[in-house]
Amino acid sequence: MTITPTTTQRLVTARDRTFGAWRRVDGLARLATIVLGALVLLTVVAVLTGVFGSTSATIGGRFAPPSPLAPLGTDNLGRSFLPRLFEGIATTLVVSIVAVLCSAAISTLIGMIAGYYGGAVSELVMRIVDVLYAFPALVLAILVSALLGPGRPAAIVSIVAITIPLMTRVVRVATRTVAERDFVVSARISGVRTPVIFARRLLPNIAGTVVVQASYALSVAILVEGGLSFLGFGVQVPEASLGLLIQQGMLAMTFAPHLLIVPGAVLVVAILCINLIGDSLRDRLEPRETRSLT
Amino acid sequence: MIVVLWSIRRVLAALVTLAGVSVLIFASVRLMPGDYTDLVLGPLATEAQRALAVAASGLDLPIPEQYLRWIGGVLTGDLGYSFVSNVSVTEEFAARLPVTATIAALTVVVTLLVGIPLGFVSALRAEGSAGAVGRFVSALGISVPEFLLAGLLVFAVSTLGLGISVGQYSSFAEDPGRFFGSLVLPIVVLSVGCVAVVARNTRDAVLNVLVEPHVQASVARGETPMFIIRHHVLRNAAVPILTIVGALVAVLLGGTVIVEFVFNVPGMGSYLQTALGRRDYNIIQNAVLLAAAVFIVTALVVDLVSNAIDPRLRLTGGSRR
């Protein structure tokens, strides 16, 4: 008869459990990547080839239910809804991605400058960023769109203005911890030029943080674009975006609920996938202690 | 002494931010294309009539003087009049602010009662399948936009009945039951996102504490889980949780635009939205300034309180810096 020490057993099971959960969560992120990739691929194909039909031709009665000719029914003008849906997804994704790329570039630069130099520079940058941060997100978006006139440029600028403050804060904190470390100090002492320190020493070490923040910013961007279009301050008809389609779907929801439910479901799935991917990226790229909670 | 100096610095920074916000609002309102005289007088008005309307609203003064007049009015409680309806903005605020504040306050109550326990449970059960389910559900919660949830709820309630009113708003003085009844759906919509955010952040905050050596040590000493949570986890996790709840309170007062629009609630959000469409400068300026001021003051209070809870922050200069 062998006696297995209970402590060892407990350790093993605990570890197994941890790895099991990790694998499950990672599976979730993997699934999210596949779904999101398929959505993007399908949208690109649909927009480039027009394989699902025309976005402007009238093909039937108004608010017709799904049929072989119009797989998702028709909208308020008798157009097939499926190509409209893909047009909407494309607009939403392009606006959000362009905005997040701009926002990531700007906030990485000013966040690194603030974090590296500290003192008065940091104080100045943070005060400016705080001013933007103090505006409620959607109010800021509506203000920007009132200034620039509703449309894609306004949507992009307002997303940039909304996502910059948080990203800059996080980049600044991450840079500050890296800038204090020996390899940066020694590079400075041995006379490495500042742009080189930024590009070779700091950037690789905060890139993970930036990627994680950018993934969350992307989900915020899609939400903001949707809300803005929903209130009538974003993309305007005859263009389409997911928010605009949802707003139009709401007008028809009592007799053609699919016009609300389908774009709504696509929007939720897209944001959910991005958030799950962001969570998984964060688990990999950022050790628990350095996470920002705000 | 250090605490006092730090607090003074923090208050000064908040004031600078507030001043910056006021300048930005003032400038952006004045740079907006479109003219309220078009709306009030119609496109056929003569130049002389326009000039008269502009003079009556003080818009012909030099820009710096307009700004100083506005700030002076804000400091003395005189917010001016709506250009379009000529109603006192102060009176409108007095009528509308309580509605939005009620929505925000009840949402925060729901969020605290549901979100924090949920976050604790999913942190303590992080290893099992319950943790994975919790993560998925809370990710779903932050992924459903307010406007979509609001739309679906309107659809569900209007087709299925359920005995909840949509858009049948009545003021508290007239009919308290109906007042709260009409706020149920807006609060539900706002709570879903807020609960998810608070649960996620609570989970992270608690997990951050659970990996620390002093918690391991107390597990090794054989202390009970409840004791460990009460004495070692709660206080350490409190600061990040407080920060996120503070951010939520601050955002909510300016974040009710969509639900007020969908459910037709006469609060600050719908007031601001209408005013923006009409270029009604006095309303826009004051409403946005108020929302920003609430945000800045809440952040300040959260900072000062965090500092009192966690003395370690004094060494590094505060949680938000």
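Note that the coordinates shown come from a computational prediction; the quantities given were computed from them, not determined experimentally. All residue numbers refer to positions counted from 1 along the written sequence of the respective chain. As a convention, the first chain written is A and the first ligand written is 1, with the rest following in written order. Whole-chain, interface and lining totals are the exception, using all residues; otherwise, since this is a predicted model, local features are given only for residues with pLDDT of at least 70 and side-chain atom pairs are given and counted only at 80 or more.

Remarks on the overall build of chain A
- Counting secondary structure elements, chain A contains nine helices and zero strands.
- Helix and strand definitions follow DSSP, with helices as H or I runs of at least four residues and strands as E runs of at least two, each counted in order from the N terminus. When the helices and strands of chain A are placed in sequence order, the string is α-α-α-α-α-α-α-α-α.
- Once C-beta atoms are placed from the backbone, each residue is buried if 20 or more other C-beta atoms lie within 10 Å of its own, exposed if 12 or fewer, and partly exposed for counts between those two. When each of the 294 residues of chain A is scored for burial, the buried share is 45%.
- A pair of residues counts as a contact when their C-beta atoms, built from backbone coordinates, are separated by no more than 7 Å. For chain A, the proportion of contacts with a sequence separation of at least 24, taken over those separated by at least 6, is 66%.

A short note on helix α6 (residues 182-189) of chain A
- Among the eight residues of α6(A), zero are classified as buried, and the element is accordingly described as predominantly exposed.
- The first or second residue beyond α6(A) is Gly191(A), which carries a positive phi of 85 degrees.

Details of the interface of chain B and chain A
- Across the boundary between the two partners, chain B contributes 53 residues, which contact 43 residues of chain A.
- Among the elements of the structure, α1 (2-31), α6 (129-143), α7 (146-160), α8 (176-210), α10 (225-254), α11 (257-263), α12 (268-278) and α13 (281-309) of chain B are those that each provide at least two residues to the side of chain B that touches chain A.
- Residue classes follow a fixed rule: Ala, Val, Leu, Ile, Met, Phe, Trp, Tyr, Cys and Pro count as nonpolar, while Asp, Glu, Lys and Arg count as charged, and any other residue, Gly among them, counts as polar. Of the residues that constitute the side of chain B that touches chain A, the class distribution is 35 nonpolar, 14 polar and four charged.

Re the environment of Leu72(A)
Residue and element names in this part refer to chain A.
- Structurally, Leu72 can be placed in the loop between α1 (6-49) and α2 (81-117).
- Along the backbone, Leu72 and Thr108 are 36 residues apart, and their C-alpha atoms lie at a distance of 42 Å.
- Contact partners of Leu72, with chain neighbours within four places excluded, come to Pro66, Phe81, Leu82, Leu85, His258 and Val262.

Quick look at the environment of Leu242(A)
Residue and element names in this part refer to chain A.
- Mapping Leu242 onto the fold places it in helix α8 (residues 242-251).
- Once the C-alpha coordinates of Leu242 and Leu69 are considered, the two residues, 173 residues apart in sequence, prove to be 22 Å apart.
- When sequence neighbours within four positions are dropped, the list of residues in contact with Leu242 reads Gly88, Ile89, Thr92, Gly226, Pro263, Val266 and Leu267.

A short note on the confidence of the model for chain A
All names here are of chain A.
- Note: pLDDT gives the predictor's confidence per residue, expressed from 0 to 100. Residues with a pLDDT of 70 or more make up 88% of chain A, whose mean pLDDT is 82.
- Within the model, the stretch residues 1-12 combines pLDDT values under 50 with one contact to residues more than four positions away or in other chains.
- Per-residue pLDDT stays below 50 along residues 289-294; that stretch engages in 15 contacts with residues further than four places along the chain or on separate chains.

Examining the packing of α2(A) against helix α3 (residues 119-133) of chain A
Residues and elements named next belong to chain A.
- Note on definitions: angles span 0 to 180 degrees between N-to-C directions of axes, and those axes are lines fitted to C-alpha atoms, for helices only across the stretch in contact. The contact between α2 and α3 brings their axes to 7 Å, and the two run at 145 degrees. Both α2 and α3 take part in a crossing whose hand is left-handed. Between α2 and α3, the contacting residues are Ile110, Ile113, Ala114, Gly115 and Tyr117 on the first element and Gly119, Val121, Ser122, Val125 and Met126 on the second.
- In terms of residue class, the contact of α2 with α3 is made up of seven nonpolar, three polar and no charged. For a crossing to be left-handed, the near helix must be turned anticlockwise from the far one by less than a right angle; the clockwise case is right-handed.

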